[in-house]
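# Secondary and tertiary structure notes
The lines below spell out each chain.
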Protein chains: 2
Amino acid sequence: MRATVIHAPKDIRVEDVPDPVVRQPTDAVVRVLRACICGSDLWAYRGESARQPGQRIGHEFLGVVEQAGTEVNGFAPGDLVVAPFVWSDGTCEYCAEGLQTSCPQGGFWGSVGSDGGQGEAVRVPFADGTLVKLPAEAASDDRLLTALLALSDVMGTGHHAAVGAGVRPGATVAVVGDGAVGLCGVLAAKRLGAERIIALGRHRVRTDIARGFGATDVVAERGEAAVAAVRELTGGHGAHAVIEAVGTEQSMRTAVGIARDGGAIGYVGVPHGSGIGLDLSVMFDRNIALRGGVAPVRAYIPELLPDVLDGTIDPSPVFDMTVGLGGVPQGYRAMDERTALKVLVKP
Amino acid sequence: MRATVIHAPKDIRVEDVPDPVVRQPTDAVVRVLRACICGSDLWAYRGESARQPGQRIGHEFLGVVEQAGTEVNGFAPGDLVVAPFVWSDGTCEYCAEGLQTSCPQGGFWGSVGSDGGQGEAVRVPFADGTLVKLPAEAASDDRLLTALLALSDVMGTGHHAAVGAGVRPGATVAVVGDGAVGLCGVLAAKRLGAERIIALGRHRVRTDIARGFGATDVVAERGEAAVAAVRELTGGHGAHAVIEAVGTEQSMRTAVGIARDGGAIGYVGVPHGSGIGLDLSVMFDRNIALRGGVAPVRAYIPELLPDVLDGTIDPSPVFDMTVGLGGVPQGYRAMDERTALKVLVKP
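Computed from a predicted structure; not experimentally measured. Sequence order sets the numbering: in each chain, residues are counted from 1 along the sequence as written. Written order decides the labels, with chains lettered from A and ligands numbered from 1. Local features in this predicted model are restricted to residues whose pLDDT is 70 or higher, and side-chain atom pairs enter the listing and the counts only when it is 80 or higher, whereas totals over whole chains, interfaces and linings include all residues. In computing side-chain properties, one takes all heavy atoms of the structure into account and sets aside hydrogens as well as water.

Let us look at the overall build of chain A. Within chain A one finds 12 helices and 18 strands. Rg of the C-alpha trace for chain A: 20 Å, near the compact-globule value of 20 Å for 347 residues, within the 12% margin. In terms of its C-alpha atoms, chain A occupies a principal-axis envelope of roughly 60 × 40 × 35 Å. Exposed residues in this analysis have more than 50% of their type's maximum accessible area, buried residues have under 20%, and partly exposed residues fall in between, with area computed by a 1.4 Å probe over protein chains only. For chain A, the proportion of its 347 residues judged to be buried stands at 60%. Contact definition: two residues touch when any of their heavy atoms are within 4.5 Å. Of the contacts made within chain A by residues no fewer than 6 positions apart, 70% connect residues no fewer than 24 positions apart. All accessibility values rest on the Shrake-Rupley procedure with a 1.4 Å probe; residue burial counts only the protein chains present in the view. Counting only carbon and sulfur atoms, one obtains 49% of the accessible surface of chain A, whose full area is about 12400 Å². By the counting scheme adopted, Arg and Lys are positive, Glu and Asp are negative, and His together with the chain ends is not counted. Just so you know, the charge point we use is NZ for Lys, CZ for Arg, CG for Asp and CD for Glu. Computed over 31 positive and 40 negative side-chain charges, the inter-centroid distance for chain A is 4 Å. Strands here mean DSSP runs of E at least two residues long; helices mean DSSP runs of H or I at least four residues long; both are numbered from the N terminus. For the radius of gyration, the atom set is restricted to C-alpha positions; the globular benchmark scales as 2.2 Å times the number of residues to the power 0.38.

Okay, here's the thing in structure tokens:
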């Protein structure tokens, strides 16, 4: 089959690789219908996260089960399924409590020796613990399929941030980061009943999506000016719930600056300097909590899926460019140059 | 009157100062019956927190109302009262939601121009918002008076840490810090229903108090060895709720190391390097939350007071040395040299 491989920073290729097969009786092989490129893939693309030459890449996909091992009970060939961005055994105590990202047998698509999502097919370990079944009829609904793909990462990650930030009905929420995760954070905050949602961003295409997702205010300023603008919008207090969806020193500094005393920052931006932006003395004096991390999206899919199916939430607008498998390298370039927000891949 | 004054690092004196008087109609003057020295006073004593020469010091006291301004409604001369370690107006939105430490009109005893707790009397701004009445009969119960004094800071602060760490019935809790706050954290965790409480400490006097307060295990190791010991005690997982009551780089590093994936660190140690010990990448991968800060003890006194009065909790064992006002400098020396845990002052 063909799959995406990263050889070095900025060197993404689509190559012939061995077809995936069931190796363990708990494995399944999934033929990919939709995959995509994640903002966090760019850390590898830019060389800021190390990869071994030849590693696969891509951790978001949905598709159809092609083969299932003898110990796979929940799925049969032909089932339409979505995969969260980590696999997990579904049986350990972390999986039982909904923290599948801490499963000792879990792993990340594209790690050494495993398949990545940006390919024609994927060997899925622990299929029963990992995959979630989708209604078969969704396969013929292009828009819905795209919306469902967001459950593999960005929608669940935005939801994790909103939960971590303590979004409640009536809350004032501020969102740092206008990427797909930040935008899904807006959608998640709206879904959880936030009354006011302040999106920080200056790219019109993105802030328009934010408004469509429920943002009531947009702040185009950055840094100290952004902090001042959010404070002005909130009577000087700041937002009780802040979603941090970037992971840099600057974004975390802004998140702390716009948080209301006694509030919380829900952080899901993979830390790339954000620890430095975390001024613990300020947070201490103002009782600002920090809660989040790598999102256990597997735990959230059952909660979010019905709302995607019935159209209550539709994250599909975060995808603004579509490529075939051969176009994946071009998709990385577009996202790196911010000419695309999030690239959908149809293998 | 006589009161404690800090002139320079290690230069603590008891001097004649002007008698406090009611300046604002919302003020009261409280004659101090009991005060004490806080571990956080040592940051000033050691010169690690800046003070202007001549500032008062001490932020924990209880006593008897001597004068009350014309707009003080809740108190009259003769009332026995305890003060939290910050004053607050009792009317702003932060006070209303129980975050009195963020009251815009609030302040800290001993800040420039205000009285400190380690003196014969204190002018209390916003008496109605700040003070809490105690039963008059407590004045004649020496042990109870000492226990009630802990409500001014360490007991409420330990409780804040336990709440921040998410202590619930049945929880496994680990406590970093064997000072009075850490020990009160043990007591608070026990009160909140923790099943297992692991106290980190190596000083027998302190760990004996921890056991008396409900600690089920004591870990004497430090640093990496402490992390290994706590992990061994918890089946390799760590503690779901970690109380961090020190504030240094090392203590925070230990707190992160012993936290279970998906758990929380309730931090109340005034940050003195603890931000450096906070490895955000580790916290991100393991979904460890950080919640706490300066404790709004005023909010907790109404909840904790009945339990102190009826003996459900008795924090008085944290006081292991008693001095008169003249002995305060000696008390600082003893705490600085760790020959005393917490010094009670009877002016």
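All right, on to the pairing of strand β1 (residues 2-8) of chain A then. Residue and element names in this part refer to chain A. Note: β1 against strand β2 (residues 11-16), six bridges, orientation antiparallel. Of the residues in β2, the one forming a bridge with Arg2 is Asp16. When DSSP locates at least two bridges between a pair of strands, those strands are taken to pair. Turn length for the β1-β2 hairpin, with the two strands adjacent in sequence and antiparallel, is two residues, and the turn residue Lys10 shows positive phi of about 65°. One ladder, built from two bridges, connects β1 with strand β4 (residues 55-56); its direction is antiparallel.

Residue and element names in this part refer to chain B. Extensive coverage of helix α12 (residues 328-336) is indicated by the burial of seven of its nine residues. Within α12 the residues assigned to the buried category are Val328, Pro329, Gly331, Tyr332, Ala334, Met335 and Asp336. Residues of α12 that are buried make contact with β1 (2-8), β2 (11-16), α1 (41-45), β17 (321-324) and β18 (343-346). Residue Arg338 follows α12 closely and has a positive phi angle near 60°.

Take chain B, turn it by 180°, move it 0.0 Å along the axis, and it overlays chain A with an RMSD of 0.0 Å. Accordingly, the operation relating the two chain copies is best matched by a two-fold axis. Minimal C-alpha separation from the rotation axis in chain B is found for Leu290 of chain B, amounting to 2.5 Å. Interface overlap between copies: 100% of the residues of chain B at the interface are likewise at the interface in chain A, consistent with a symmetric, same-surface contact. Only residues with pLDDT of at least 70 in both copies count here: their C-alpha atoms drive the least-squares fit that superposes the copies.

What follows is about the packing of aromatic side chains. Between 30 and 60 degrees the pair is tilted, below 30 it is stacked and above 60 it is edge-to-face, where a pair is any two Phe, Tyr or Trp rings, Trp via its six-membered ring, whose centres lie within 6.5 Å. The final tally for this structure, using the stated rule, is 10 aromatic pairs over all chains. When the centroid spacing of 5.8 Å and the interplanar angle of 65° are considered together, the rings of Tyr267 of chain A and Phe284 of chain B count as edge-to-face. Taken as a pair, Tyr267 of chain A in strand β15 (residues 259-267) and Phe284 of chain B in helix α10 (residues 280-286) lie in two separate chains rather than in one. Across the pair, exposure class does not vary: Tyr267 of chain A and Phe284 of chain B are buried alike. Considering the side-chain rings of Trp87 of chain B and Trp109 of chain B, the 5.1 Å spacing of their centres and the 55° angle between planes classify their relative orientation as tilted. On the criterion of sequence distance, the pair formed by Trp87 of chain B in strand β7 (residues 86-87) and Trp109 of chain B in the loop between β8 (107-108) and β9 (121-124) is long-range, its members being 22 residues apart. Given a relative accessible area of 11%, Trp87 of chain B falls into the buried group. A network of ring pairs unites the aromatic residues Phe61, Trp87 and Trp109 of chain A as a single cluster.

Turning next to the domain arrangement of chain A. Bring the parts together and some accessible area is lost; that lost area is often taken as the interface size. Residues and elements named next belong to chain A. Where each domain starts and ends comes from a domain assignment, either automatic or drawn from a database. Per the domain assignment, the segments of chain A are domain 1 (2-153 + 296-346) and domain 2 (157-292). Taking the mean C-alpha position of each, domain 1 and domain 2 sit 27 Å from one another. If you look at the interface, domain 1 gives 21 residues, while domain 2 gives 18 residues. When domain 1 packs against domain 2, the two sides together hide about 1700 Å² of surface, and 64% of this comes from carbon and sulfur. Among the residues domain 1 hides against domain 2, the three largest losses belong to Trp43, Arg338 and Leu341. Together they make up 33% of the total. Salt-bridge detection follows one rule: a side-chain nitrogen of Lys or Arg within 4 Å of a carboxyl oxygen of Asp or Glu. Taken together, the links from domain 1 to domain 2 amount to three salt bridges. Across the pair Arg338 and Asp178 runs a salt bridge whose closest N-O atoms are separated by 3.1 Å. Buried area is a sum: the accessible area each of two parts loses on coming together, probed at 1.4 Å, counted once for each and added.

Sheet strands pair via backbone hydrogen bonds, and the direction of the pair is either parallel or antiparallel. All names here are of chain A. Strand order in the open sheet formed by three strands is β2-β1-β4, and the pairing between neighbours is antiparallel. Single-partner strands in this sheet number two, and they are β2 and β4. This element, helix α12 (residues 328-336), spans β1 and β2 of the sheet and lies at about 160° to β2. Orientation is described by lines fitted to C-alpha atoms, with helices fitted over the stretch in contact, and by angles between N-to-C directions that extend from 0 to 180 degrees.

Attention now moves to the environment of Asp16 of chain B. All names here are of chain B. For Asp16, the position within the fold is in strand β2. In this structure Asp16 comes out as exposed when scored by relative accessible area, which is 62%. The spatial distance from the C-alpha of Asp16 to the C-alpha of Ala68 is 23 Å, given a sequence separation of 52 residues. Other than its neighbours up to four places away in sequence, Asp16 contacts Met1 and Arg2.

This paragraph deals with the sheet that holds strand β4 (residues 55-56) of chain B. All names here are of chain B. Spatially, β2-β1-β4 is the arrangement adopted by the three strands of the open sheet, whose pairing is antiparallel. Unpaired on one side and paired on the other, β2 and β4 mark the two borders of the sheet. Packed onto the sheet, α12 meets β1 and β2 and runs at close to 160° relative to β2.

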